[in-house]
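Per-entry structural report
Each chain, written out:
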Amino acid sequence: MSTSDKPFLSVRDLKVHFPTDDGLVKSVNGLSFDLERGRTLGIVGESGSGKSVTSLSIMGLHRTGSKRGAPRISGEIWLDGEELVAAGPDRVRKLRGQKMAMIFQDPLTAMHPYYTVGAQIVEGYRAHHPGASKKQARTRAIEMLDRVGIPQPDKRVDNYPHEFSGGMRQRAMIAMALVNDPALLIADEPTTALDVTVQAQILDLIRDLQKEFGSAVVIITHDLGVVAELADDILVMYGGKPVERGPADTIFESPEHPYTWGLLGSMPRLDRELQDRLVPVKGTPPSLINVPSGCAFHPRCPYAELTGGRSTTEVPVLAEAAPRHHAACHLPIAERHRLFTEEIAPRL
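Residues numbered from 1 in each chain as written. Predicted model: local features only at pLDDT ≥ 70, side-chain atom pairs only at ≥ 80, totals over all residues. Heavy atoms only, no water.

The subject of this paragraph is the pairing of strand 8 (residues 216–221). Among the six residues of strand 8, six are classified as buried, and the element is accordingly described as predominantly covered. Side-chain alternation along strand 8 places Ala 216, Val 218 and Ile 220 on one buried face and Val 217, Ile 219 and Thr 221 on a second face that is also buried. Of the pairings in the sheet, the one linking strand 3 (residues 40–44) to strand 8 comprises five bridges and is parallel in character. Within strand 8, the position partnered with Ile 43 by the bridge is Ile 220. As paired strands, strand 7 (residues 184–188) and strand 8 are joined by five bridges and run parallel to one another. The residue bridging Ile 186 from the neighbouring strand is Val 218, located in strand 8. Between the parallel elements strand 7 and strand 8, the chain passes through helix 8 (residues 196–213) in a crossover that is right-handed. (Buried < 20%, exposed > 50% of the residue type's maximum accessible area, 1.4 Å probe, protein only. Helix = DSSP H or I, 4+ residues; strand = E, 2+ residues; numbered from the N terminus. Pairing = 2+ DSSP bridges. Right-handed = clockwise from strand over helix to strand, strands pointing away.)

Bringing unusual backbone geometry into the picture now. In this structure, Asp 80 is a non-glycine residue whose phi angle is positive, near 50 degrees. Asp 80 gets classed as partly exposed once you look at its relative accessible area, which sits at 36%. With a phi angle near 45 degrees, Glu 189 is a residue other than glycine that sits in the positive phi range.

Moving on: the state of the cysteines. With the rule as written, the count across this model stands at zero disulfides. This cysteine, Cys 295, is not joined by any disulfide, and Cys 329 carries the nearest cysteine sulfur, 6.7 Å off. Left unpaired, Cys 301 is separated from the closest cysteine sulfur, that of Cys 329, by 6.4 Å. On the accessibility criterion, Cys 301 (14% relative accessible area) is buried. (Disulfide = S-S within 2.5 Å.)

It is worth spelling out helix 13 (residues 333–344) at this point. Among all positions of helix 13, only Arg 336, Leu 339, Phe 340 and Ile 344 are buried. All buried residues of helix 13 project into a common sector of 100 degrees when viewed along the axis, lining one side. Set apart from the buried face of helix 13 by more than 90 degrees, the exposed residues are Ala 334, Thr 341 and Glu 342. Where helix 13 is buried, its residues contact helix 10 (248–253), helix 11 (258–265), strand 11 (319–322) and strand 12 (325–327). (Arc of directions from axis to C-beta. Contact = heavy atoms within 4.5 Å.)

Counting 38 residues, the largest nonpolar core has Leu 145 and Ile 174 as its most contacted members. For this core, the elements supplying multiple residues, two or more each, are strand 6 (100–103), helix 4 (117–128), helix 5 (134–147), helix 7 (166–178), strand 7, helix 8, strand 8 and helix 9 (224–230). When residues of this core are sorted by domain, at least three fall in each of domain 1 (7–99 + 183–231) and domain 2 (108–181). Residue contacts for Leu 145: discarding those within four places in its chain leaves Val 117, Ile 121, Ile 150, Pro 153, Val 157, Ala 172 and Ala 175. In this structure, Leu 41, Met 102, Ile 186 and Ile 220 belong to the second largest nonpolar core, which totals 33 residues. (Core = buried A, V, L, I, M, F, W, Y, C linked by side-chain atoms within 4.5 Å. Domains from an automatic or database assignment.)

Taken as a whole, this structure holds 17 salt bridges when the rule is applied. Its salt-bridge partner being Arg 300, residue Glu 46 comes within 2.9 Å of it at the nearest N-O pair. Residue Glu 46 is located in the loop between strand 3 and helix 1 (51–58), and its partner Arg 300 is located in the loop between helix 11 and helix 12 (310–313); the two are separated by 254 residues in the primary sequence. Its salt-bridge partner being Asp 204, residue Arg 207 comes within 2.7 Å of it at the nearest N-O pair. (Salt bridge = Lys/Arg side-chain N within 4 Å of Asp/Glu carboxyl O.)

The next point concerns the domain arrangement of the protein. Under the domain assignment used here, the protein contains domain 1 (7–99 + 183–231), domain 2 (108–181) and domain 3 (241–347). Placing a centre on the C-alpha atoms of domain 1 and another on those of domain 2 gives a separation of 22 Å. Domain 1 puts 18 residues into the contact, and the matching count from domain 2 is twelve residues. When domain 1 packs against domain 2, the two sides together hide about 1300 Å² of surface, and 64% of this comes from carbon and sulfur. By the criterion of area lost to domain 2, the three top residues of domain 1 are Leu 205, Leu 209 and Phe 213, representing 33% of everything that side buries. Here domain 1 and domain 2 share one salt bridge between them. In this structure, Arg 147 engages Glu 212 in a salt bridge whose closest nitrogen and oxygen atoms are separated by 2.6 Å. Counting across the domain 1 and domain 2 interface gives six residue pairs in polar contact (both at pLDDT 80 or more). For the side of domain 1 that touches domain 2, the secondary structure elements donating two or more residues are helix 2 (89–95) and helix 8. The element contributing the most residues to the side of domain 1 that touches domain 2 is helix 8, with nine residues. (Buried area = accessible area lost by both parts, 1.4 Å probe. Polar contact = N/O pair within 3.5 Å; in protein donor to acceptor, adjacent residues only side chain to side chain.)

For the rest of this paragraph, the subject is the side chain of Glu 83. Mapped onto the elements of the fold, Glu 83 is located in strand 5 (residues 82–83). You can call Glu 83 buried: its relative accessible area is 17%. Of note is the side chain of Glu 83, whose polar atom sits 2.9 Å from the backbone nitrogen of Ile 77. For Glu 83, the side chain forms a polar contact with the main-chain nitrogen of Val 85, separated by 3.0 Å.

Packing of helix 4 against helix 5 leaves a shortest axis separation of 9 Å and a crossing angle of 115 degrees. The angle between the axes of helix 4 and helix 5 places the two elements in the roughly perpendicular class. Seen from above, helix 4 lies across helix 5 with right-handed handedness. Where helix 4 approaches helix 5, its residues Val 117, Gly 118, Ile 121, Val 122, Tyr 125 and Arg 126 are matched on the opposing element by Lys 134, Ala 137, Arg 138, Arg 140, Ala 141 and Leu 145. Partitioning the contact of helix 4 with helix 5 into residue classes produces seven nonpolar, one polar and four charged. (Axes fitted to C-alpha atoms, helices over the stretch in contact; angles between N-to-C directions. Parallel < 35°, antiparallel > 145°, perpendicular 65-115°, else oblique. Left-handed = near helix turned anticlockwise from the far one by under 90°. Nonpolar A, V, L, I, M, F, W, Y, C, P; charged D, E, K, R; others polar.)

Shown next, in the form of C-alpha cells:
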C-alpha cells in the first residue's frame, strides 16, 4: 500500500493510563480508528468515556507533569505516515499548529487574558513561519478573523478575549487553529457553552472551512445532534473503550450497541411529534479506576441477562456487524436486530 493510500490519521490500540493515589485511571484502554483527509469523525460518549483524553493524546498534550503523575501512553498514533507516540516532544511541538490543530472547549480559558486576540494568532503563525515579519503575521491574523466571520477584523484584532462574546471567542479560537492551514483539526466540544443559534453558526463554519482546506476533522462531543450535522463516521466510546464504530447514516438508522440505543433514546428530535418523555440511560458511567468486569456497560444494560452471563465475565471485542460497521456486544447480531426493530426503533 502506498503512503497516499493510507489514512491520514491512524490510531492503533491506544492506551492512556494515569497513576493516582487511588489507583490506575484507565482513561483510554485500547482504541483504534482511521481517518482520511476531507472526512469528519465524530467521537461521542458521556463525560469520562475517554473522548477528550484521546484528542489530547493525538496532540501530544499529555507529556507534562511530574514523573509520578505522568500518563502511561502506549499504542501507535500515525499522522501522515509519522508515528507520534514514540516521537520526541520537540518534533510533536513542531507538528502541533502546523500539521494538526485543536479547538478547545472553553476559549476563554484556552486563550491568554493578558494578550490581544491578534497577538495570540500572530504568535502561532510566526512560530511556524519564522521568516514572516510582524506586519505580515498581523495581516494574516486579520485575514483569518475575517474568514471566520468576525466583524471589523482590522479593529477587533486588537481586542482582548474578554471583549469578545462567547461565539466570537470560539470563532477566534478557530482562526487561531487554522492560521497555519493544518491538515488535521480536532474540535473538543466546540459548541457546548453557546446558545443554539450560535452553535449552528459554528458548525456551519467548521463544515465550510473543512471544504475549503480539505482537512481531516475530529469532533469530540456528547451531543449526537452535533455529529448528525457534521460527521461522516461515528465512534462511540464507553469506559475508555470503543463500543461501536461505523458510517454516521448507518449508526443513526441501525445502531448495534445497547449503549448507542440509549444515547439515541435520550436525544430530542425535531422531525417528529413528541409522544413520550426522553428516556435517559439508567445509572452512571463507570469509575475508570474500577471498570466493571466483562462488558463495562453491563451494569446499565437492560439486555445483559440475555448473554448467558458472558457480559459479566468476558470483555467483548469490536467485531464487524455489517460492512464498515463494528460493535462490541455479546448479544448475537440477529438478536440485536430483533430488539432494535421491536423495542428500540419505535421509541426513537
